[in-house]
Every structure is written in C-alpha cells, then in structure tokens.
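Results of the structural survey
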Amino acid sequence: MKKFVLRILIYCSVIFGCTALLWRILISVKNDYSTHSHETNVHKQIERLDTMSSPKIIIIGGSGCGFGICSPLLQERYNMNVCNTGTHAGLGLNLQINLFRKYITTNDIVIVIPEYEQYTKMFYGDGTALRILTSIYPEGYKQVSFLQQMHLYRYVPMAFTDAQKSKGMGIFGDTIPYAKEAVNEFGDVERYANRNHDNKEWKPNILKGYISVIPFLILKDFNEECKEKRVHLFIFPPAFRQEAFECNKSKINEIWSRLEKNNLPVVSYPEAYMLPDSLYYDTDYHLTYEGVIIRTNKLIADIDSLGIIK
C-alpha cells in the first residue's frame, strides 16, 4: 500500500512539474499589442511612484480610470502629485492593488475605483493579467498568489494564442486612443478627438455571476494596511453608462450595501456616477472628453466634502 501511495505521489509530482513548465513556456511569449498599447502604463506608473514624493494621490482601478479621469485637474486643485494607475479591468482587483501597494506611504490619498465586475468574477483577473505581466512587467508575477495562479491557469492557452496573433502588430496610428503614446505622464489616456459618442449603440454590459466575498476581503485587508500606514483610503463608484446601470441596478445596490456593511471607506453612492449614454464612446466605462471633465469634477467635489485636504 505504501509503495502504491508513493507511486501516486511521484506521478502527481511529475505531472504537476511538467504542467508548471509548460505554463511557464506558454506565458513567456510577449504580446505585441500590449507592448504598443496603453497597457504600458503599468510599468510607467511604477517607475513614477518609485521616485515620487509624498503626499500624493494614487488612483487604483481599471481602464475606467485611465479613460475617465483628468489627473491634471486633480493636481491643480490639490497641489499634489497624482498617479493614475488605472489600466485594465483584466488585471483584477487583487493585482491592481498589489502591484502598487508598496509605493503607498504616510499621508498619501488612495482612491480605489473597482469596476463592478471586480465584485463578481474579475477580482483575480483574466488573460489580460498574463498578457500585461509577461509583456510589460514580469516582476509583477511575484505579486501573484497561489490561489490567483490557479485561477489564471485556465487563461494560459488564450494568452498564448493572443500573443501569437499579435505578432508583427505595428505601432498604432496617431489618432488611436489605445496607443501607448496616448497616455500622459499622469497615466490618463488622452487623444480625445476620436473619443466621441457619435450616436454609437452597443448592448449594455450585464453583470454575471454571484457577488463573491473575496473582493471585500481584499479591500478590508488593504484598508487595514492603509490605516497602519496612516494613509487616507477611499472607495468610489465607477463612472457607469446609464443604460448599463439601469440593467444592473439591483446587483449594484447589493454590492454597495455589502461595502458599507463591511465598514469600508466608501464615498458617494453609485447613482451619482451614473452618467448619460452620450458621454461614453465605446464601452460602459470609457468616457468622452466631456464625460471625463464631468466625472473628474464630481470626484473633486466629493474629495472636498471629506475635508482631508486643507
């Protein structure tokens, strides 16, 4: 019996080792889209944070932040350095925090704006996380926990296939907002000229799956860390297209209710950041220039109401 168990253990170890090796090989292929796109912002903001003095404002979220906030307005209003790390929802809430948490120091203001999907299925990310880590910031793999590795495993074939398809992808045109050249020094995606609604119509994003307990645990852990560092942490609702908001209202209200029950530092309420469809240009989170200014001014008004910046 002991020999049988030993053989099983050896067999499982070999299979696990071979699988891990294959995983490493498959994700080692860089994605040309990632290296030429706004996704380079991850490394760009890490480099900025490494030399940036405090106090500073750090914005954490996905592309809804990158394509939805005007950091120069925040810097002008508060006379503080602003770092917008918002790049892609596919990084997942866990990595969106972990990649930048060591750069957060006393008296900083941290604004976390998770996409609503982060509370259901996206908190550990998807194939985009593999793409960005491999192509832009390989050092970030150190921040991937075992549980997150197991979650991301299913996306390895997809990430490898996408990397192969991206081969030879050249530099984006001068007007494409998704190009790395469209990202300003703060981490905002600009090139607003082509970001117009123009009567575009697309189906609203329906939040699928149950609301998980894990994102709330991630935020609670981060909140405790920020308290210990004497950092001001605030969680804001994302700017969300009105049609999509109406389709997901009950789930959004449940998410916000659970944030409050977990005593997390929420600011404002979801309806306040529900903006008209005409202010979005290609997804339920990406704003036109007018939308960016309206949303940023809402953030400023809410921050002012907190009375933390004199």
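First things first, this report covers the structure right here in the doc. On a predicted model such as this, the values are computed, not experimentally measured, just so you know. Each chain carries its own residue numbering, running from 1 in the direction its sequence is written. pLDDT decides what is reported in this predicted model: residues at 70 or higher carry local features, side-chain atom pairs at 80 or more are listed and counted, and totals for whole chains, interfaces and linings draw on all residues regardless. Each side-chain value is derived from all of the structure's non-hydrogen atoms; neither hydrogens nor water enter the calculation.

Our focus in this paragraph is the overall build of the protein chain. We count a stretch as a helix when DSSP gives it H or I for four or more residues in a row; a strand needs E for two or more, and each element gets its number in order from the N terminus. Regarding its fold elements, the protein chain presents 13 helices and 6 strands. Throughout, exposure labels follow a simple rule: accessible area from a 1.4 Å probe, protein chains only, divided by the maximum for the residue type, with under 20% read as buried, over 50% as exposed, and the rest as partly exposed. Counting every position in the protein chain, which comprises 310 residues, the buried fraction comes to 54%. Long-range contacts, defined as pairs at least 24 residues apart, comprise 83% of the intrachain contacts of the protein chain with a sequence gap of at least 6. With residues, only the protein chains shown are counted as cover, and all accessible areas are computed by Shrake-Rupley using a 1.4 Å probe. A total accessible area of about 14,700 Å² is found for the protein chain, and carbon and sulfur atoms account for 56% of it. We call two residues in contact whenever any of their non-hydrogen atoms come within 4.5 Å of each other.

Two strands pair under a simple rule: DSSP has to find at least two bridges between them. An order of β2-β1-β3-β4 is seen for the 4 strands of this open sheet, with the pairing classed as parallel. The open sheet terminates on both sides in strands that have one partner only, identified here as β2 (81–84) and β4 (232–235). In this sheet, adjacent strand axes meet at a mean angle of 15° when their direction is disregarded. Here 4 bridges tie strand β3 (residues 109–113) to β4, and the two strands are oriented parallel to one another. Only the contacting stretch of a helix is used when fitting its axis, a line to C-alpha atoms as for every element, and angles between N-to-C directions run 0 to 180 degrees.

Moving on: the environment of Ile303. Among the structural elements, Ile303 can be located in helix α13 (residues 289–306). By relative accessible area, which is 5% here, Ile303 ends up buried. Between the C-alpha atom of Ile303 and that of Tyr78, which follows or precedes it by 225 residues, the distance is 9.9 Å. When sequence neighbours within four positions are dropped, the list of residues in contact with Ile303 reads Leu74, Tyr78, Ile111, Phe236 and Ile309.

What follows covers the layout of surface pockets. Residues are called lining when one of their atoms sits within 4 Å of a cavity or pocket point, these points coming from a 1 Å grid over the protein atoms alone, where a cavity is a set in which a 1.4 Å probe fits but cannot get out and a pocket is an open set with protein on both sides within 12 Å along at least five of seven lines. Grid points are joined across faces, edges and corners, and a volume is the space filled by probe spheres set on the points. The computed volume of the largest pocket comes to approximately 400 Å³. Taken together, 25 residues make up the lining of the largest pocket; nearest its centre are Ser63, His88, Ala89, Gly90 and Met122. Each residue belonging to the lining of the largest pocket can be placed in one class, and the counts come to 7 nonpolar, 10 polar and 8 charged. Gly falls in the polar group here, along with every residue not listed as nonpolar (Ala, Val, Leu, Ile, Met, Phe, Trp, Tyr, Cys, Pro) or charged (Asp, Glu, Lys, Arg).

On to the pattern of salt bridges, then. Counted as salt bridges are all cases of a side-chain nitrogen of Lys or Arg within 4 Å of a carboxyl oxygen of Asp or Glu. The full count for this structure, using the stated rule, is 11 salt bridges. Across the pair Arg101 and Glu225 runs a salt bridge, and its minimum N-O distance is 2.5 Å. You can see Arg101 sitting in the loop between α6 (92–98) and β3 and its partner Glu225 sitting in helix α10 (residues 214–229), a full 124 residues away along the chain. For the residue pair Arg101 and Glu225, the accessibility class agrees, reading buried in each case. Across the salt bridge formed by Asp284 and Arg241, the nearest N and O atoms sit 2.6 Å from each other. Note that Asp284 is positioned in the loop between β6 (274–275) and α13 and Arg241 in strand β5 (residues 240–241), a separation of 43 residues in sequence. Here Asp284 matches Arg241 in class, with each residue buried. Connected via shared salt-bridge partners are Arg101, Asp221, Glu225 and Lys229.

Remember, this is a structural readout, not a statement about activity or role.
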